[in-house]
Every structure is written in C-alpha cells, then in structure tokens.
Amino acid sequence: MNNKFYPKKEMFQEPLIKNMCEYKELVEEFEKDYEGTWAKFAKEKLDWFEPFTRTLDESNAPFYRWFDGGKLNVAYNCIDRHLKTKKNKAAIIFEGDNGDKRILTYRELAYEVSKTANMFKNQFNIKKGDRVVVYMPMIPEAAITMLACAKIGAIHSVVFGGFSAEALRDRIIDASAKLVVTADGAFRKGKPYMLKPVVDTALEHGCECVEKVCVVERNEQEITWVAGRDYSYNELIKNESSFCKSEPMDSEDPLFLLYTSGSTGKPKGVQHSSAGYILWAQMTMEWVFDIKDNDTYWCTADVGWITGHTYIVYGPLAAGATTVMFEGVPTFPDAGRCWQMVEEYRINQFYTAPTAIRLLHKMGADEPSKYDLSSLRILGTVGEPIDPAAWKWYYEEVGGSKCSIVDTYWQTETGGHMISPLPAATPIKPACATFALPGIVAEVIEEDGTPTPRGEKGFMCITKPWPSMIRTIWNDPERFKKSYFGDCKKDGKPVYFTGDGAMIDDEDYITITGRTDDVINVSGHRMGTAEVEAAIKKHDNVAAVAVVGKPHDIKGEGIFAYVVLKSDDGIADELEIIKEINSLIKTEIGAIALCDDMAFVPDLPKTRSGKIMRRILRSIVKGEAITQDTSTLEDPSIVQKIENIVNG
Ligand code: WTA
C-alpha cells in the first residue's frame, strides 16, 4: 500500500486548511514570524480577561513561558463564552454502558460546573492552586469536575480508573492533593464495578494531605462512608448556587497534572499550563477534526488519559462542539456497539486507538455494514502506530473509502497533536502520521542535531518550544530537564526529545517507528518497564527480572517478563508464582499492567558492569536473530540458554 489516498473534497465544506498550498503557506507564516503568528492565533481564538504582553519567554529554557501578562480562564473559554450563541446546543452527550442517555446543553453544563465549583469552594475549602485528584468513571461528572477545578483555579490530576489503590496513593501523595473526587463505581459490560473501595484502600495510610472525599453516586451499590471525610456529591450539589465567577488565571498557571510512565520507576506528573494548552487544544480540534457547528464528535478514550483531557473535554468544548462521552466498552453488548452509536447520534468524527480498531475488526469485521455510517467524515487514530491491515479495514469498511483518516501522533507531554494529516488537505499514506502541523517544528535528527538521512531511523524531536508543551514535572524540575532535554541538541541547544524513533521518506512524510526508551505501549497506553519490574520484584522468590514488550495481535505490544527465581522447585511452583506475580502487579499498578507471558530463566544477559542488555531480550522475544555483540556479557552463554527456554 504505497499509493496515496487523496481527501475526498466533496466531504468538506469549508475546511480551515483546504489544500497543501494553504498548509505550506501557514507553515511559512510561522517560519517567517514564529512568535507573531502564535500571538495572532492566541488573540483570535481565545477570550482573554487581560491581554498578554509577551508571546514567548525563552530566558529560562527549557522552562519556556507563553503569553505572559495575559489573564484568562479555561472553563470560561470552554463554556461561558459560548452561551451567547450556543446556549441550547448539546455540549456533552452521555451514553451509559446500559444505554441510558443524558444530554447537557452548554447552558446546563455552565450550571453544573458552577454549582460544582461552588461546592468545591464552600464545602471543601478548595482554593486556587490546590490539587484535586479525580478518580472517576466515564460519566459527565468527570468532565464537570475537571471544568469546575479550572473555573476556580484548582489543579486537577485525573487518575485512570483502572489504576490500583497503590498507584492511586502514589499519585495522591506526589501531588499532595487536598480533595479526591470519585464515584461509588459505574457500569461495564452490563455489570456494576466499584471505585470508591479503591480510594478507601489508597487513603488507609500516607495520604494525610487528603481532607475530604467527594463521591458521585452512579451505580448505587453499597459503599462505606467515612464520617467527616466522605460526602455525597449528589446531595451537596443541591444547595449550591449556579453562579460562580471564573477565576482570572495567569497564562502560565497550571491547569492540570497528569501522571505518565517514564523509563525510571516513578510516574511523572506532567504539568500543563492554562493558556498555551487550551489554545492548541482548540486549534487542533478545528484543524485536524474540521469541527463544524452541526457536527457531533466522538472520541472513545478515557478521561484518565491525555486523549480524554484534550479531545473529549477541553478541545471540543473550547471549539464549541458537541462531544460524546461513552461509559461502556466497544464490544458490549456486541462488536457493533460503536457503529450503532455512530448511526444513532449521526457521528461526524470518530476518534479511537488502533488497538480498538484491531479488536473490532477481529470480533466483528462485518458489523459496520449493518449500520448507516454515512454521517462519518473523519476517522482518527492515536496512541500507537496503526498497522496497514487495521488501517485498510478502518478506511474501507468503517469509512466507506470516503472518509479521511487522521493518524495523530502526540503525547501526554505535547498536550495536543504534533504530527497529523489535515483531513481536507493531506494526501495520506496508510499507517503514516504524515507531516507536522503548522507551528510545530518536528525534526528527525541524530543526538547532535544533524538530520538523520532519509529512510533511516532517528530521534523524533520538536526543536522549537510550542504553546501546549509540558511545563515541568511536578515537584521535579531536574527530572523534567533530564527526561526531555537531556538527549538531543540542535545548534548546541538542548531540544525536546519525544522518546520515539521516526523516519522521513523522500517525500518528507514522517513515520513514527516507536519508543526508543524502556517504555512499552500496551493497547496505546504507556507502561514503564521499571514500574512493572518494581512490582514483580516485591515477590519473595524473585531474584531479578527484566520486562520487555512483545508484539501482540490486538494490544500492539504485550508485557513479557524474564524472571530469575531465587529458588526453583519445578513447574508446579512456577504456575503458582505466575499467579502470585500477576496478583502483585494488579495490586501495585492495576490490571492494565498484567504480564501476557513470563519465562523463568537462570540469569539475565548482563554486561560486566551489571547493565541488563534489554535489546537482546527484545530480540529473543520477537524471535529475531541476535545481532548485538554478546562478547561484552558477563556470561555470553546465557543468551543461548534463554533462547532455548523462550523459543526452544
Ligand atoms: C505513541 C497518547 C505512533 C508514541 C496521545 C508516543 C504513537 C506515545 C501515535 C504517547 C501515533 C501516540 N503513531 N505512535 N499516531 N500516537 N503514539 O502519552 O510512542 O499516552 O510517545 O499519549 O504513544 O503516549 P501518551
């Protein structure tokens, strides 16, 4: 599939970027006057309480500052400013797992957010700058809570509901959160599941910072209420006023923290700004999803991940769009659920992960043909490279060979899309993220900044600061510098390295080749090998462990663990140990980090200085020939022994 797919012009009415000429003109405009062009967009797109006086401050690089002097409020930009023209337009359409529905217009959303914001202020004493941890299912109250925080200037940290009590506790402590907002639980595949008991366990020790817990009652299952600590959202909200002033925030005031995995053990609290973040969320929503006033847009991510932040809540609402929130899973009650919803809501943009596409393809290749999907105009993917087979099915069967597919490449740290086709303009090569968006200077380079030759793998770097970039790692500015600005330089200056490899072809198309660090991409979710290893090491009988990614049909990558036991008493024991290790992972991190496979090996391939040669372990699990030099290993014979165990 090397031929290109051209956008079907008749699908687009007035796209903001109509063709590649316009794309190039915009890129050139940024090249000629980088700051001026960003300033122009910032003034045009956002509502400011006070104008900014300086576009970009690079004096304390890499702690870049954007739009200093300006004051604005993100919730105001997402809701209040739309009330003049769109108060009766649907802002959020909620579809429950069991099919129940709720539509919140912009006016209703304004009302709920203000009440919630007042509740946070009045009942829980939340002030500007306080941290609020949000551990919630996919219900409108999750978005309302995030926006209510933004309204009063509190910093939210949403923790994905699949994380365990231990993982939640670490994040609460790192952020010293004062309030936790959660739900009793929610519904999945027709059955209730619980979240509040996880919060209870997390708060058992070490979380003295937490004063109150606010519980949304969603599934109405029995939960324990701790007197003086736990309060019902549903009850308290009744007494609050529906008017709340939007706190004027400095451009650089943090909007939220979102923890993500890195190559060392502890997750990183990625800190985003207010103005730069919301600006790019809105601009990419308009450029990449071609959002129009009558559109209904659906992103299937969870609010616990960056995609849920930028492309379920902040981007769509800043753009005044209608965004769908879905509580359930794509395969319940059957693999036609998504397509049934596309038909029912006349969805125009559908945004999901390759892992979901592969699953839906496998479980229901013919399902799309049973529904009317003619409303679709744009299909998006995010989170991992999409393989050509999944791409083809998505394009032909879901999109009827007429929709544009936007393969959006970005990260928690980038805040919004970096590399993506523009749906009405970019000729698409399947499974290729194509070109950097206007304003984003993405380069594939070597460590010293020289461009990587075409067709070869290099480091995917963003070589100029951009408004929605990560500002720092919460509590750890040194780690921020080291993690992102420690590897690559250009013209002698450190530049942002994404951690991904990439390749540019002879037509300048960029293909992402995957992580170059010890991060595994499981179903589009980042998992640090060190985190998983730390959990496994808690097992009494584990002497050493190394975790690597193993190609997986649906997940993209699965987790494979090489385990060295202290004492090995045979196969029966090993089965027991596998169970115990997986149960440890579930407790320490959550079910998303469970190992797909494990091999018990006599030792790991280590250099004489004790460094584990992961590249060898990755090759073995993929069944690739070992090309690495093994002569520097402490025990070169170990490679063959491991190979025999894994592949023999
Ligand atoms: C990977 C998700 C290939 C990449 C928004 C990146 C992708 C990591 C793509 C970020 C894509 C994301 N093609 N790889 N279109 N999109 N990735 O922080 O390795 O959860 O570094 O953000 O996902 O994952 P994160």
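Everything in this summary refers to the structure shown in the same document. Computed from a predicted structure; not experimentally measured.

What counts and what doesn't
- Residues numbered from 1 in each chain as written.
- Predicted model: local features only at pLDDT ≥ 70, side-chain atom pairs only at ≥ 80, totals over all residues.
- Heavy atoms only, no water.
- Helix = DSSP H or I, 4+ residues; strand = E, 2+ residues; numbered from the N terminus.
- Rg over C-alpha atoms; globule rule 2.2 N^0.38 Å.
- Buried < 20%, exposed > 50% of the residue type's maximum accessible area, 1.4 Å probe, protein only.
- Contact = heavy atoms within 4.5 Å.
- Areas by Shrake-Rupley, 256 points an atom, 1.4 Å probe, with all protein chains shown as cover.
- Lys, Arg positive; Asp, Glu negative; His and termini not counted.
- Charge placed at Lys NZ, Arg CZ, Asp CG, Glu CD.
- Near = heavy atom within 4 Å.
- Polar contact = N/O pair within 3.5 Å; in protein donor to acceptor, adjacent residues only side chain to side chain.
- Nonpolar A, V, L, I, M, F, W, Y, C, P; charged D, E, K, R; others polar.
- Expected span 1.5 Å × (residues − 1).
- Pairing = 2+ DSSP bridges.
- Axes fitted to C-alpha atoms, helices over the stretch in contact; angles between N-to-C directions.
- Parallel < 35°, antiparallel > 145°, perpendicular 65-115°, else oblique.
- Phe/Tyr/Trp six-rings, centres within 6.5 Å; stacked < 30°, edge-to-face > 60°.
- Disulfide = S-S within 2.5 Å.
- Core = buried A, V, L, I, M, F, W, Y, C linked by side-chain atoms within 4.5 Å.

From N to C terminus, the protein includes 19 helices and 31 strands. Against the compact-globule benchmark of 26 Å for 648 residues, the protein has a radius of gyration of 24 Å, which places it among compact chains. In terms of principal-axis extent, the alpha carbons of the protein reach across some 75 × 65 × 60 Å. For the protein, the proportion of its 648 residues judged to be buried stands at 61%. Put simply, 71% of the contacts in the protein that link residues at least 6 apart link residues at least 24 apart. Total accessible area on the protein stands at roughly 25000 Å², and carbon and sulfur atoms take up 49% of it. Charge-centre separation for the protein: the mean point of 77 positive side chains lies 3 Å from the mean point of 95 negative side chains.

Around the ligand, a shell composed of 17 residues is seen, among which Asp407, Thr408, Thr412, Asp500 and Arg526 lie nearest. In this structure, Glu384 approaches the ligand through a main-chain N or O atom, which is 3.4 Å from a nitrogen atom. One of the side-chain nitrogen or oxygen atoms of Arg515 is found 2.8 Å away from an oxygen atom of the ligand. The protein chains hide 96% of the 530 Å² of surface that the ligand would expose on its own. Listing elements by their share of the shell around the ligand, those giving two or more residues are helix H11 (306-318), strand S20 (404-408) and strand S26 (510-515). Of the residues belonging to the shell around the ligand, the class tally is six nonpolar, six polar and five charged.

Between its terminal C-alpha atoms helix H10 (residues 275-288) stretches 20 Å, which fits the 20 Å expected from 14 residues at 1.5 Å a residue. The buried fraction of H10 amounts to 14 of the 14 residues, a majority that puts the element mostly inside the structure. Downstream of H10 by one or two residues, Asp290 has phi in the positive range, about 50°.

Across the sheet, which stays open at both edges, the seven strands sit in the order S5-S4-S17-S16-S18-S19-S20 with mixed pairing between neighbours. With one partner strand each, in any of the chains shown, strand S5 (101-105) and S20 form the two edges of the open sheet. Adjacent strand axes in the sheet meet at a mean angle of 20° when their direction is disregarded. For strand S16 (residues 296-299) and strand S17 (residues 322-326), the ladder comprises three bridges, and the chain directions are parallel. Directly across from Tyr297, in S17, lies its bridge partner Thr323.

The mixed open sheet is built from eight strands, whose spatial order is S12-S11-S8-S6-S7-S14-S15-S23. Each edge of the open sheet carries a strand with a single partner, namely strand S12 (230-232) and strand S23 (472-473). Sheet topology note: the strand S15 (residues 268-273)/S23 ladder contains two bridges and is antiparallel. Within the sheet, the bridge partner assigned to Gln271 lies in S23 and is Thr472. Where helix H6 (residues 140-152) meets the sheet, its contacts fall on strand S6 (131-135), strand S7 (155-158), strand S8 (179-183), strand S11 (212-216) and strand S14 (254-260), and the angle it forms with S7 comes to roughly 150°.

Moving on to the packing of H10 against H11. At a minimum axis distance of 8 Å, the contact between H10 and H11 shows a crossing angle of 85°. Judged by the inter-axis angle, H10 sits roughly perpendicular to H11. From H10, Tyr277, Ile278, Ala281, Gln282, Thr284 and Met285 reach across to H11, where they touch His309, Thr310, Tyr311, Tyr314, Gly315, Pro316 and Ala318. Taken together, the residues of the contact of H10 with H11 break down into eight nonpolar, five polar and no charged.

Before going further, it helps to spend a moment on the packing of aromatic side chains. The full count for this structure, using the stated rule, is 45 aromatic pairs. For the ring pair Trp298 and Phe326, a centre distance of 5.7 Å and an interplane angle of 85° mean the geometry is edge-to-face. Placement of the pair is Trp298 in strand S16 and Phe326 in strand S17, with a sequence separation of 28 residues. You can call Trp298 buried: its relative accessible area is 0%. For Phe326, a relative accessible area of 8% corresponds to the buried category. Where Phe485 meets Tyr496, the ring centres are 5.9 Å apart and the plane angle is 70°; that geometry is what we call edge-to-face.

Let us now look at unusual backbone geometry. Geometrically, the link from Ala61 to Pro62 is a cis peptide bond, its omega value of 5° lying close to zero. With respect to the helices and strands, the residue Pro62 is situated in the loop between strand S1 (54-57) and strand S2 (65-68). Of note, the amide linkage connecting Phe332 to Pro333 takes the cis form, showing an omega dihedral of 0°. Along the polypeptide, Pro333 turns up in the loop between S17 and helix H12 (337-345). Phi at Lys189 takes a positive value of approximately 50°, unusual for a residue other than glycine. Mapped onto the secondary structure, Lys189 falls in the loop between strand S9 (185-188) and strand S10 (191-194).

What follows covers the state of the cysteines. One pass over the structure, following the stated rule, counts zero disulfides. Here Cys149 is not cross-linked by a disulfide; its sulfur's nearest cysteine counterpart is in Cys214, at 10 Å. Given a relative accessible area of 0%, Cys149 falls into the buried group. No disulfide involves Cys488; its sulfur sits 3.6 Å from the nearest other cysteine sulfur, which is in Cys461. The class for Cys488 is buried, based on a relative accessible area of 1%.

Core analysis: the largest hydrophobic core is formed by 154 residues, its most contacted members being Phe120, Trp287, Tyr314 and Phe350. With near-sequence residues (within four places) excluded, Trp287 lies in contact with Leu16, Ile17, Leu26, Phe30, Phe41, Trp280, Leu422, Pro423 and Pro438. By size, the runner-up hydrophobic cluster in this structure holds 45 residues, among which are Phe163, Ile172, Cys207 and Val215.

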